[in-house]
Amino acid sequence: MPHTSPPKTYRVKSFGCQMNVYDGERMAESLAARGIAPAAEGEDADLVVLNTCHIREKAAEKVYSDIGRLVKAGDAAGKKPLIAVAGCVAQAEGEEIMARAPAVSMVVGPQAYHRLPEMLDKAVAGERATDTDMPPIAKFDALPARRRTGATAFLTIQEGCDKFCTYCVVPYTRGAEISRPFKDLIAEAQKLIEAGAREITLLGQNVNAWTGEDDKGRAIGMDGLVRALAALPDLQRIRYTTSHPNDVTDGMIAMHGEVDKLMPYLHLPVQSGNDRVLKAMNRSHTVESYLRVLERFREARPDIALSGDFIVGFPGESEAEFADTLKLVDEVRYAQAFSFKYSPRPGTPAATMEGQIAKEVMEDRLARLQDALNRDQLAFNAASVGKSCTVLVERKGKHPGQWLGKSPWLQSVWFEGDVGIGDLVHVELVEAGPNSLAGKVLEHVAG
Ligand code: 5AD
Ligand code: SF4
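First, a word on what this report is: a plain description of the structure on this page. (Residues numbered from 1 in each chain as written. Chains lettered and ligands numbered in written order. Predicted model: local features only at pLDDT ≥ 70, side-chain atom pairs only at ≥ 80, totals over all residues. Heavy atoms only, no water.)

**Focus on a negative patch on the surface**
A cluster of like negative charges, contributed by D275, E288, E295, E299 and E331, occupies part of the molecular surface. Tracing the sequence through the fold places E331 in helix α12 (residues 319-332). (Patch = residues over 30% accessible without salt bridge, like charges linked within 9 Å, V, L, I, M, F, W, Y side chains within 5 Å. Areas by Shrake-Rupley, 256 points an atom, 1.4 Å probe, with all protein chains shown as cover. Salt bridge = Lys/Arg side-chain N within 4 Å of Asp/Glu carboxyl O. Lys, Arg positive; Asp, Glu negative; His and termini not counted. Charge placed at Lys NZ, Arg CZ, Asp CG, Glu CD. Helix = DSSP H or I, 4+ residues; strand = E, 2+ residues; numbered from the N terminus.)

**So, the site of ligand 1**
Taken together, I55, R56, Y167, Q271, D309, I311, F340, K341, Y342, S343 and R345 are the residues near ligand 1. In this structure, an oxygen atom belonging to ligand 1 sits 2.6 Å away from a side-chain N or O atom of R56. Taking D309, its side chain carries an N or O atom lying 2.6 Å from an oxygen atom of ligand 1. Relative to its free-state accessible area of 400 Å², ligand 1 is covered by the protein chains to the extent of 87%. Looking at the shell around ligand 1, the elements that each hand over two or more residues are β15 (305-312) and β16 (336-341). (Near = heavy atom within 4 Å. Polar contact = N/O pair within 3.5 Å; in protein donor to acceptor, adjacent residues only side chain to side chain.)

**Considering the side chain of Q158**
Residue placement: Q158 occurs in strand β8 (residues 158-159). On the basis of relative accessible area, Q158 is assigned to the buried category, the value being 1%. Separated by 3.0 Å, the side chain of Q158 and the backbone oxygen of G160 make a polar contact. Leave out the neighbours within four places in its chain, and Q158 touches M19, E177, I178, S179, L203, G204, Q205, N206, V207 and W210. (Buried < 20%, exposed > 50% of the residue type's maximum accessible area, 1.4 Å probe, protein only. Contact = heavy atoms within 4.5 Å.)

**Overview of the packing of α12 against helix α13 (residues 359-384)**
Orientation of α12 relative to α13, taken along the N-to-C sense of each, is 10°, at an axis distance of 10 Å. When the axes of α12 and α13 are compared, the pair comes out roughly parallel. Counting all contacts with α12, which are made through E319, F322, T325, L326, V329 and D330, the residues of α13 involved are R365, R368, L369, A372, L373, R375 and D376. Split into classes, the residues belonging to the contact of α12 with α13 amount to six nonpolar, one polar and six charged. (Axes fitted to C-alpha atoms, helices over the stretch in contact; angles between N-to-C directions. Parallel < 35°, antiparallel > 145°, perpendicular 65-115°, else oblique. Nonpolar A, V, L, I, M, F, W, Y, C, P; charged D, E, K, R; others polar.)

Below you can see the structure in the form of structure tokens.
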């Protein structure tokens, strides 16, 4: 590949989970630290990072079609963009991407993206580079300090997964479970707060598997970290996602009753409402044990909003077993949830299991499950009308004087008022829709 001039503008396109959004932000920061500017809306960037997701569906095909589109746009504009493929598809299929897509000059895995600037130097010199090493932690030490954020920010505290659910690629693409050190997390949170964050969402594949030592050398779990973060002045709200039912501790339940800054919201995936399916998924919890855990959270924090993930059509799932999932949903009444058709992932045990379910059956089950989840989400929103709560202002709405923020229960709330981004306002919820609510400002709390 010929020598190219160094890029002046970049665009990072992140797909998939919030951890990818966080990684995308950090890659953007490391490019900005090199003096490369974000491309303006609608402008072709000199460098494009495709930060990919491998969890479901035809992720790799999507990457190739995105690459094709970039090459075409480059040809039309008479300039070829430098293309980097990052994220979990890069980790899983890096070599194939290099072989199949000559327009790609950098392939970088989720544990190696701190090396993106060096790879970029090589790419400018005409060399192609792949880096899918998995040196834990090194990445975070090598990245520039946080400087940019909105009112809400993500903070990855834990990465990877040792659970090996039989359908899931994460243990292969993100590697073994690691926890970032306490002091690094407090320092990063402080930087985010200085940069304007008023809410921090702690991220991890199994965020509640986080362990560390506090500043006095005492062993602590995620609840200890949450309590330490809650002591930081100017931080108003703390959230976390995603948790695993098996890593729930007494301390984690207790913190929901005791830490005011911790929002009353819990995302606790269950995947299925049937014990045989859960066993085949290697979930190592039962429906009963999951329900017991939820009950304990509800005891500690009666208004807690519950959320979860579901997979329909796991190999061998019978109609009766699927009906158990609907039964579980009826019992829990989730405030919000995510549901997916099972997607065979190459290299995972479930991909070669007998009893793969036909597409039409999966689609029918997904539609029925989503009807039930939508019904419950609307009911949850409708039941919020008449309540007053705090809303953290995140952005302007479409109309002048209109703003959008989140309730403590992660509902989007629209309202009008004389406020600014990052303000915490007291709002009465006056009208509910399926995906958002309308609010009326009662008073300013902080900002
Ligand atoms: N097929 C469908 N859904 C999946 N998920 C993970 N792997 C698969 C798969 N192979 C879902 C799970 C998980 C969420 C992040 O994605 O519900 O909790
Ligand atoms: Fe995947 Fe299961 Fe780990 Fe979640 S717990 S990341 S679903 S292997």
